[in-house]
Amino acid sequence: MDLDGRSPARTARAEQVSDVVDVIRGANAAREAVVLRGGGTALSIGDAPERYDVCLDLRGLSGVVRYEPDDLVVTVRAGTTLGELAAVLAAHRQRWPVETGAPDRATVGGVLASAAIGPSRLRYFHPRDWTIGVQAVLGDGTLTRAGGHVVKNVTGYDLTKLYAGSFGTLCAMTELSLKLAALPERTLTLRMEAPSLEHAYVEARSLIARGLPLDALAVLHGPPAEAFGAASWTGLWVRLAGSTRVVERLRQEVSARKPFVVEESDVWPRLARLPVEADLSLRLAWPAGSLEPHPGDRGGLLYPGLEAMHVFGIEDADELRALRIALESKGGALIVKRAPAELRRAVGTWGTPRSPERIGRELKARFDPNGVLAPGRLAF
């Protein structure tokens, strides 16, 4: 698969863990560069690779290895899609409470490697918080395991947290052991029209400040909101989940002060898909409780409580640079997730590194000493 105008010399498809070991070990010996491919939903994130010799397709490495419903734990191969996993778990009224766009394509390994963000983050936090063990192949072909198969078995330094957000530059994950949660008895979504992005954000923050156990919050602003049934250019959606009694009590509390209406359609998968399907998608982050600076009336999907926003409408490089500078001056960030290669090259993907580059280089040298795994994709 091409990346920013670069094509691999060949594609290797893994069906077994041994295939991953063999491909990476051979690439290490030949000093080739390998880019990992899962469902492709986050493959566009990152700078152009310095070298790109082999595309290692992990989609064939799928399926459940071990499932223990009574312990709320499942071990799956990394190429298993979220949709496939959900179908297996639903038979026992369970789920992995991680939500992202295109679950029919997004793989469990890719979701962790890209630190994917979605509506479920408000209540269930980061995918790494629901991952207790990882089997992975390092850049020299060494097969490793971190963590365990049961929650109480996680000891020592948790490499899962290190692998999360590494975008395939430190290891190729092959199996993941996941914590599970019960499916809620009832789920209900409420919607409120808002006159502006700021108004919707303030209302969302007030719900958070009241300590209500909300399941998800989202604000859709600009032209995309019209396609989601918002009469104005801004809509605020609130998801409630739990027992029928709890959901009804929360509905009354949320609606007591503002004119919320029940949303009849399942809007959350559609919202989560927006950043995945957009030709141009930026991820903006603010300090907690702040919405300044923001990109004005450009179309965007905001997750209050996460202080993260996906913006779809800025194509000018100078405007992007200015917005990144303004965000970083406030402690925020701007990441170019999806963009034409020319625009990405002009502004870069990551902006100013959030952690010292020296640490990143040392980690890369330890886990991938010969720079086999996606060299140049991250900012070290």
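Right, let's walk through the structure included here. (Residues numbered from 1 in each chain as written. Predicted model: local features only at pLDDT ≥ 70, side-chain atom pairs only at ≥ 80, totals over all residues. Heavy atoms only, no water.)

Topic: the overall build of the protein chain
In step 1: Secondary structure assignment for the protein chain yields 12 helices and 18 strands.
In step 2: Over its C-alpha trace the protein chain gives a radius of gyration of 21 Å, about what one expects of a compact globule, namely 21 Å for 380 residues.
In step 3: A buried classification covers 53% of the 380 residues belonging to the protein chain.
In step 4: Look at the contacts in the protein chain between residues 6 or more apart in sequence, and 71% of them connect residues 24 or more apart.
In step 5: Summing over all exposed atoms, the protein chain offers an accessible surface of approximately 16,100 Å²; the carbon and sulfur share of this is 50%. (Helix = DSSP H or I, 4+ residues; strand = E, 2+ residues; numbered from the N terminus. Rg over C-alpha atoms; globule rule 2.2 N^0.38 Å. Buried < 20%, exposed > 50% of the residue type's maximum accessible area, 1.4 Å probe, protein only. Contact = heavy atoms within 4.5 Å. Areas by Shrake-Rupley, 256 points an atom, 1.4 Å probe, with all protein chains shown as cover.)

Some details on the nonpolar core
In step 1: Counting 38 residues, the largest nonpolar core has Leu236, Leu240 and Leu284 as the members making the most contacts within it.
In step 2: In this structure, Ala78, Val111, Ala113 and Leu178 belong to the second largest nonpolar core, which totals 30 residues. (Core = buried A, V, L, I, M, F, W, Y, C linked by side-chain atoms within 4.5 Å.)

Here's the deal with the pattern of salt bridges
In step 1: Summed over all chains, the structure comprises 18 salt bridges.
In step 2: Residue Asp53 pairs with Arg51 through a salt bridge whose shortest N-O separation is 4.0 Å.
In step 3: For Arg51, a relative accessible area of 30% translates into the label partly exposed.
In step 4: Each of Glu99, Arg123, Asp215 and Arg239 takes part in salt bridges that share partners, so that together they form one network. (Salt bridge = Lys/Arg side-chain N within 4 Å of Asp/Glu carboxyl O.)

Description of the state of the cysteines
In step 1: Within the structure shown, the criterion is met by zero disulfides.
In step 2: Not part of a disulfide, Cys55 finds its nearest cysteine sulfur in Cys171, a span of 17 Å.
In step 3: The buried category is assigned to Cys171, whose relative accessible area is 3%. (Disulfide = S-S within 2.5 Å.)

Some details on the pairing of strand β13 (residues 234-242)
In step 1: With nine of nine residues buried, β13 is to be regarded as a mostly interior element.
In step 2: On β13, burial covers both faces: Thr234, Leu236, Val238, Leu240 and Gly242 on one face and Gly235, Trp237, Arg239 and Ala241 on the other are all buried.
In step 3: Bridge count for strand β11 (residues 186-194) against β13 is nine bridges, and the pairing is antiparallel. Residue pairing for β13: Arg191 is matched across the bridge by Trp237.
In step 4: Bridge analysis of strand β12 (residues 216-221) against β13 gives six bridges, and the strand direction is antiparallel. If you follow Leu217 over to β13, its bridge partner there is Val238. (Pairing = 2+ DSSP bridges.)

Things to note about the sheet that holds strand β2 (residues 34-37)
In step 1: Strand order in this open sheet of three strands is β1-β3-β2, and the pairing throughout is parallel. Lying at the two open borders of the sheet, with one neighbouring strand each, are β1 (10-13) and β2. Strand-to-strand twist in this sheet, taken as the mean axis angle between neighbours without regard to direction, amounts to 25 degrees.
In step 2: Across the sheet, helix α1 (residues 17-30) touches β1, β2 and β3 (54-57), and the angle it forms with β3 is around 165 degrees. (Axes fitted to C-alpha atoms, helices over the stretch in contact; angles between N-to-C directions.)

Section: the environment of Arg10
In step 1: Looking at the element boundaries, Arg10 is found in strand β1.
In step 2: On a C-alpha basis, the gap between Arg10 and Val54 in space is 5.3 Å, while along the polypeptide they are 44 residues apart.
In step 3: Here Glu32 takes part through its side chain, which lies 3.1 Å from a polar atom of the side chain of Arg10. (Polar contact = N/O pair within 3.5 Å; in protein donor to acceptor, adjacent residues only side chain to side chain.)

A word on the layout of surface pockets
In step 1: Taken as a whole, the second largest pocket encloses approximately 610 Å³ of empty space.
In step 2: If you go around the second largest pocket, you meet 23 residues; those closest to its centre are Ala86, Arg95, Val98, Glu99 and Arg239.
In step 3: For the lining of the second largest pocket, the secondary-structure elements that each account for two or more residues are α2 (82-90), β6 (94-95) and α9 (267-277).
In step 4: Here the element with the most residues in the lining of the second largest pocket is α2; it accounts for six residues. (1 Å grid on protein atoms, 1.4 Å probe; cavity = no way out; pocket = protein on both sides within 12 Å on 5 of 7 lines; lining within 4 Å. Points joined across faces, edges and corners; volume = space filled by probe spheres on them.)

A short note on unusual backbone geometry
In step 1: The omega torsion of the bond from Glu292 to Pro293 falls at -5 degrees, within 30 degrees of zero and hence cis.
In step 2: Located in the positive-phi region is Arg31, a residue other than glycine, with phi close to 60 degrees.
In step 3: Within the fold, Arg31 resides in the loop between α1 and β2.
In step 4: Judged by its relative accessible area of 47%, Arg31 is partly exposed.
In step 5: Even without a glycine there, the phi angle at Arg93 is positive, about 55 degrees.
In step 6: Considering the arrangement of structural elements, one finds Arg93 in the loop between α2 and β6.

The quantities given are spatial measurements derived from coordinates; they are silent on function.
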